[in-house]
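Descriptive structure summary
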Amino acid sequence: QVQLVESGGGLVQAGGSLRLSCAASGRTFSSYGMGWFRQAPGKERELVARISSGSSTYYPDSVKGRFTISRDNARNTVYLQMNSLKPEDTAVYYCAASKSSFGFWHESGYDYWGQGTQVTVSS
């Protein structure tokens, strides 16, 4: 069992930055692939960043060059640095953990989820 707790959300102006953190419980954190998803009202949950257990990363085009995912296995923590934020980045952001890399681009590929943290970008 893995428990995930996100923090770092908030209100920021367009063009600003935020760093989200996700603290994980358990001694096997380093073996999990980690993802950050977001869900805006009325929209499906979408992947915004993924880091494998070997620290390979993936970003969709919508955030590539603006968002950076990283992990600190010693601290059981994964981060999402978000720069050049836009109003369309407004959403609840979720951290998720997966044992397998299969289907990593979709929420069904993840085994554990955090409770989410709100990010609001004002124009």
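Figured I'd write up the structure that's included with this text. Everything numeric in this text was worked out from a predicted model, so none of it was measured. (Residues numbered from 1 in each chain as written. Predicted model: local features only at pLDDT ≥ 70, side-chain atom pairs only at ≥ 80, totals over all residues. Heavy atoms only, no water.)

With that out of the way, let us pick up the overall build of the chain. When helices and strands are tallied, the chain shows zero helices and 11 strands. Seen in sequence order, the chain has helices and strands lined up from the N terminus as β-β-β-β-β-β-β-β-β-β-β. Buried positions account for 46% of the 123 residues belonging to the chain. Look at the contacts in the chain between residues 6 or more apart in sequence, and 57% of them connect residues 24 or more apart. Accessible area for the chain stands at about 6,400 Å²; split by element, carbon and sulfur atoms hold 46% of it. (Helix = DSSP H or I, 4+ residues; strand = E, 2+ residues; numbered from the N terminus. Buried < 20%, exposed > 50% of the residue type's maximum accessible area, 1.4 Å probe, protein only. Contact = heavy atoms within 4.5 Å. Areas by Shrake-Rupley, 256 points an atom, 1.4 Å probe, with all protein chains shown as cover.)

The buried fraction of strand 3 (residues 18-24) amounts to five of the seven residues, a majority that puts the element mostly inside the structure. Where strand 1 (residues 4-7) and strand 3 come together, four bridges link them in antiparallel fashion. When the bridges of strand 3 are listed, V5 appears paired with A23. The sheet contact formed by strand 3 and strand 8 (residues 77-82) spans six bridges and is antiparallel. Counterpart to A23 in the pairing with strand 8 is T77. (Pairing = 2+ DSSP bridges.)

Taken as a whole and judged by the stated rule, the model has one disulfide. Across a sulfur-sulfur distance of 2.1 Å, C22 and C95 are joined as a disulfide pair. In this structure the cystine formed by C22 and C95 twists about its S-S bond by roughly -75°; its chirality is therefore left-handed. Here C95 lies in strand 9 (residues 91-98) and C22 lies in strand 3, a separation of 73 residues in the sequence. Under the relative-accessibility criterion, C22 is labelled buried at 0%. Under the relative-accessibility criterion, C95 is labelled buried at 0%. (Disulfide = S-S within 2.5 Å.)

With that settled, the discussion passes to the pairing of strand 8. Within strand 8, five of the six residues are buried, which leaves the element mostly enclosed by the surrounding structure. Relative to strand 8, strand 7 (residues 67-72) runs antiparallel, the two sharing six bridges. Bridged to S70 within strand 8 is Y79. Hairpin connection of strand 7 to strand 8: four residues between the antiparallel strands, including N76 at a positive phi of 55°.

Overall, the coordinates contain seven aromatic pairs when judged by the stated rule. Look at F37 and Y110: their rings are 5.0 Å apart centre to centre, the planes differ by 85°, and that puts the pair in the edge-to-face class. Placement of F37 in strand 4 (residues 33-39) and of Y110 in the loop between strand 9 and strand 10 (112-113) is noted, with a sequence separation of 73 residues between them. What makes Y110 buried here is its relative accessible area of 6%. It is R45 that lies over the ring of Y94; its NZ or CZ is 3.9 Å from the centre. Between R45 and the ring centre of W113, over which it is positioned, the NZ or CZ distance is 4.8 Å. (Phe/Tyr/Trp six-rings, centres within 6.5 Å; stacked < 30°, edge-to-face > 60°. Lys NZ or Arg CZ within 6 Å of the ring centre and 35° of its normal.)

This part covers the environment of A91. Tracing the chain through its elements places A91 in strand 9. Accessibility expressed as a relative area gives 3% for A91, which makes it buried. Note: C-alpha distance between A91 and S7 (84 residues apart in sequence) is 14 Å. Leaving out residues up to four positions away in the same chain, A91 has contacts with R38, Q39, A40, T117, Q118 and V119.

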